[in-house]
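One letter stands for each residue in the lines below.
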Amino acid sequence: MPYRKPSKQSADRVSQESAKATDEGPATGIEQRYLGIGIAKGFAIGEAFEFVTESIEHDSVEMSKKNVEDEVDRFRTALQRSEKELKKIERVTTRKIGKVYSDLFQAQIMLLNDPQLIDAISGRIRKELKPAHLVIEQEFEKYLELFINSDDIVFRERAADLHDIKDRIIRNLHVRKLHSWVPEGVIVVSHHLSPADIILLSRSNIKGFATDTGGKTSHISLICKSMNIPIVVGLGTFAKKVVTGSNIVLDSTEGMVITDPTDKTVEEYQKKREAELRREADDSMLAQMHSSTRCGVKISVYSNIDFKEELDHFDATGSEGVGLFRTENLFLDSVKTPTEAFQSAYYTEMAEILTPKPLVIRLFDIGGDKLIYSPVREPNPNLGWRGIRILIDVPEILHSQLQAVVKANTHGNIDILLPMISSIEEIEFIKVELEKHYSQISFESDEPIDKPGLGAMIELPAAVELIDEITRIVDFVSIGTNDLTQYTLAVDRNNLIVQDLFEKFHPSIIRQLHRIITTAQKNHCRVSICGDMGSDPLALPFLLGCGLRNFSMVSSDIPTMKALISHYTIAESEELAAHCLKLDSATKIKAALEEFRNRH
């Protein structure tokens, strides 16, 4: 096979990683573009403000038995100050974005009050006559090493939260005031930001954030996404290249930051921003209408959600229900499985808010690159113990969740979705277990309970090969295009070196999509798409042409997609799909889709 020259994007990313070894100074006044990972769609144009965490000079106090208790008292006072700060941040967070995210800080408060940690640090200060800051550093390093060296990307990203707790305690040892002020309306640039930083800085009407560290599932990314603040993370050594007060453009849609933009670039992004605002205004009006094609065919559009708090603004988006609720986020602050009682109350509240709209609850998709309930180390987690495999192997997790879902289905609007299906046996096993729990619960219940419908995620090539059999034994299927693309092309989308090969318009992917949709329709099985491709405007007419009538996406994308659906007819979309299915490269397919979009 000939050598594959990396794409410009891939080369830029790799060169950024290489640049970490050098100490390049600030940008020189010439427009430069830096690639990272964009989280929330959107643009920001404005002045950069470099947010630097204060470095603390430690007093060189010689410890002795005479002053050791004073040092222990300093440590305990620092814990109290830290707790007071975190409680304040917790209240602000609850007010801004709800209790789920404020629980992040509740978890940190619990760690501050952990008797084992307090006793370990206090005991070492007394026994070894070491200053508190040194012992705190050493004790936290034990935990940090476990997280940083984990094969699980989410554990690695959670190490940042431990850093935040450690730094907060050490700062409060020295009675240093919490620094959270920045000028109004700037774009904050930093090597590292904690969840607390994001919450507190957002009070200054920040336009956006750019950080060297962080990933798609880091807490700062989830918080910014919830607050609809554009952020680009994973920029490597970008913070060293920016001077406070310099002009930058932040493009979270493309995952790019531009320093010293030319007048032409600024004008281009101003026009993009103005067009975005006009489109949002038009789309918000259309969102409240039923979605249909130009020829009058009804298209249903649902939401992918992570937390019940997202339902607060649900109606404004025009969503017709929840097409995917990712329950693994209930593991957010704990590696322990959420109890059946907690889950049942959580699902019941959601179902009551939504009724009669549907609620599709995906069973825990833990393992792989997601936070797992136990620290299992695997050489290749994405090809290991995850999804349905864990649920079958650990019955207590499966049983408590099935019981909770069944008990919550008093309005009859809940369906169950199975993650990472690769065989008929897996589905049959869950069907038997679901029937057992439903029979028992409905017998004991004083009011009638409907049995939830059962669906399968189609995100593995194995499931595509079995699509005819699968769609005969389930009520619905949902296509997860992100994992389907990753597993079909053998490309890790988080691997910077081969990331440019992650191509959702690869001929093999669009042919699989056509096969899944048409087979499901033939077998009278409901089919929807819940991966990123479902909210891609370029892919929309192709999917309509394949026969897809149900889409599930991030709620904020719904108004735009509803507006676009109204531009197309089924006949011309079918013609486009037939043409694309004959093409042999992603380049040709995207060219055909772009030409079609431009005509409409």
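Residues numbered from 1 in each chain as written. Predicted model: local features only at pLDDT ≥ 70, side-chain atom pairs only at ≥ 80, totals over all residues. Heavy atoms only, no water.

S.K.: Would you mind going over the environment of Val322 with me for this structure?
M.R.: Within the secondary structure, Val322 is located in strand E10 (residues 322–326). Note: C-alpha distance between Val322 and Asn304 (18 residues apart in sequence) is 6.1 Å. The residues touching Val322, leaving out its near neighbours within four places in the chain, are Tyr302, Ser303, Ile305, Leu311, Phe314, Leu354, Pro358, Leu359 and Val360. (Helix = DSSP H or I, 4+ residues; strand = E, 2+ residues; numbered from the N terminus. Contact = heavy atoms within 4.5 Å.)

S.K.: Quick question: what am I supposed to make of the packing of aromatic side chains here?
M.R.: Aromatic ring pairs: the centre-centre distance and the angle between the two ring planes describe each pair. For the structure on display, the rule yields six aromatic pairs. Look at Phe342 and Tyr346: their rings are 5.7 Å apart centre to centre, the planes differ by 45°, and that puts the pair in the tilted class. Of the two residues, Phe342 and Tyr346 both sit in helix H11 (residues 340–354), four residues apart, roughly one turn of that helix. With a centroid separation of 5.5 Å and an interplanar angle of 35°, the aromatic rings of Tyr568 and Phe596 are classed as tilted. (Phe/Tyr/Trp six-rings, centres within 6.5 Å; stacked < 30°, edge-to-face > 60°.)

S.K.: Just to check I follow, could you spell out the pairing of strand E14 (residues 476–479) for this structure?
M.R.: Along any regular strand the residues' side chains alternate between the sheet's two faces. Going residue by residue along E14, you find Phe476 and Ser478 tucked away on one face and Val477 and Ile479 tucked away on the opposite face as well. Note: strand E13 (residues 453–458) against E14, four bridges, orientation parallel. Bridge pairing in E14 places Ile458 opposite Ile479. Relative to strand E15 (residues 526–529), E14 is paired through four bridges, and the arrangement is parallel. Across the sheet, Phe476 pairs through a bridge with Arg526, a residue of E15. (Buried < 20%, exposed > 50% of the residue type's maximum accessible area, 1.4 Å probe, protein only. Pairing = 2+ DSSP bridges.)

S.K.: Hey, could you run me through the sheet that holds strand E4 (residues 187–190) in this one?
M.R.: The strands making up a sheet associate through backbone hydrogen bonding, with each pair oriented either parallel or antiparallel. What the eight strands build is an open sheet, ordered E1-E8-E7-E3-E4-E5-E6-E2; its pairing is mixed. Strands with a single pairing partner mark the edges of an open sheet, and in this sheet they are strand E1 (32–35) and strand E2 (37–38). Pairing geometry for E4 and strand E5 (residues 208–211), over four bridges, is parallel. When the sheet's bridge partners are listed, Ser190 is paired in E5 with Thr211. This element, helix H8 (residues 219–227), spans E5 and strand E6 (231–233) of the sheet and lies at about 165° to E6. (Axes fitted to C-alpha atoms, helices over the stretch in contact; angles between N-to-C directions.)

S.K.: How should the pairing of strand E7 (residues 247–251) be read in this particular structure?
M.R.: Of all five residues in E7, four are buried; the element is thus mostly enclosed. In terms of strand pairing, strand E3 (residues 43–50) meets E7 through five bridges, oriented antiparallel. Across the sheet, the residue bridging to Gly46 is Ile248, located in E7. Direction of pairing for E7 relative to strand E8 (residues 256–259): antiparallel, over a ladder of four bridges. Residue pairing for E8: Leu250 is matched across the bridge by Val257. Remark: four residues form the turn of the hairpin made by E7 and E8, two consecutive strands paired antiparallel; Gly255 in that turn has positive phi of roughly 70°.

S.K.: What is the right way to look at the nonpolar core in this model?
M.R.: Generally speaking, a soluble globular protein has its nonpolar side chains buried in company with each other. Core analysis: the biggest nonpolar cluster contains 141 residues, and Phe209 and Tyr347 have the highest contact counts within it. Counting residues per element, this core draws most heavily on helix H2 (residues 68–97), which supplies nine residues. Apart from the residues lying within four places of it in its own chain, the contact partners of Phe209 are Ile187, Val188, Leu193, Ile198, Leu201, Cys224, Ile229, Pro230, Ile231, Val232 and Leu250. With 14 residues, the next largest nonpolar core counts Tyr34, Ala48, Val189 and Val242 among its residues. (Core = buried A, V, L, I, M, F, W, Y, C linked by side-chain atoms within 4.5 Å.)

S.K.: Looking at this model, I keep getting lost on H11. Mind explaining?
M.R.: Because each turn of an α-helix spans 3.6 residues, side chains separated by three or four positions in sequence point in the same direction. With 15 residues, H11 ought to run about 21 Å at 1.5 Å a step, and its terminal C-alpha atoms sit 21 Å apart, in line with that. Among all positions in H11, only Gln343, Ser344, Tyr346, Tyr347, Thr348, Met350, Ala351 and Leu354 are buried. (Expected span 1.5 Å × (residues − 1).)

S.K.: Any chance you could explain the pattern of salt bridges here in plain terms?
M.R.: For side chains of opposite charge, pairing can occur when their charged atoms come near one another. In total, this model carries 33 salt bridges according to the counting rule given. The partner of Glu71 in a salt bridge is Arg74, and the shortest N-O contact between them spans 2.9 Å. Of this pair, Glu71 and Arg74 both sit in helix H2, three residues apart, which is roughly one turn of that helix. For Arg74, a relative accessible area of 30% gives the class partly exposed. Residue Arg472 is joined to Asp468 by a salt bridge in which the shortest nitrogen-to-oxygen separation is 3.2 Å. Of this pair, Arg472 and Asp468 are both found in helix H16 (residues 467–473), four residues apart, which corresponds to roughly one turn of the helix. By sharing partners, the salt bridges in this structure join Arg124, Glu128, Lys130, Glu139 and Lys142 into a single network. (Salt bridge = Lys/Arg side-chain N within 4 Å of Asp/Glu carboxyl O.)

S.K.: Teacher, can you tell me more about helix H4 (residues 115–128) here?
M.R.: With 14 residues, H4 ought to run about 20 Å at 1.5 Å a step, and its terminal C-alpha atoms sit 19 Å apart, in line with that. For H4, the side-chain oxygen to backbone nitrogen distance between the N-cap and Gln116 is 3.1 Å, and the N-cap itself is Asp114. Looking at the residues trailing H4, positive phi occurs at Leu129, about 55°. (Polar contact = N/O pair within 3.5 Å; in protein donor to acceptor, adjacent residues only side chain to side chain.)

S.K.: When you look at a positive patch on the surface in this model, what are you seeing that I'm missing?
M.R.: A surface patch of like charges, here positive, comprises Lys88, Arg91, Arg95, Lys96 and Arg203. Along the chain, the position of Arg95 falls in helix H2. The class for Arg95 is exposed, based on a relative accessible area of 64%. (Patch = residues over 30% accessible without salt bridge, like charges linked within 9 Å, V, L, I, M, F, W, Y side chains within 5 Å. Areas by Shrake-Rupley, 256 points an atom, 1.4 Å probe, with all protein chains shown as cover. Lys, Arg positive; Asp, Glu negative; His and termini not counted. Charge placed at Lys NZ, Arg CZ, Asp CG, Glu CD.)

S.K.: Is there a simple way to explain the environment of Gly412 in this structure?
M.R.: Take Gly412: it is sitting in the loop between helix H13 (395–408) and strand E12 (414–418). Separated by 54 residues in sequence, Gly412 and Pro358 have C-alpha atoms that sit 8.6 Å apart.

S.K.: Can you help me understand unusual backbone geometry in this one?
M.R.: Backbone geometry follows two general trends: most residues other than glycine have a negative phi, and most peptide bonds adopt the trans configuration. Look at the link from Thr355 to Pro356: it is a cis peptide, with omega at 10°. Looking at the element boundaries, Pro356 is found in the loop between H11 and strand E11 (359–362). A positive phi angle, near 55°, is found at Asn205, a position not held by glycine. Assessed through its relative accessible area of 52%, Asn205 is described here as exposed. The residue Ala490 is not glycine, and still its phi comes out positive at about 55°. Locating Ala490 in the fold gives a position in the loop between helix H17 (481–489) and helix H18 (507–522).

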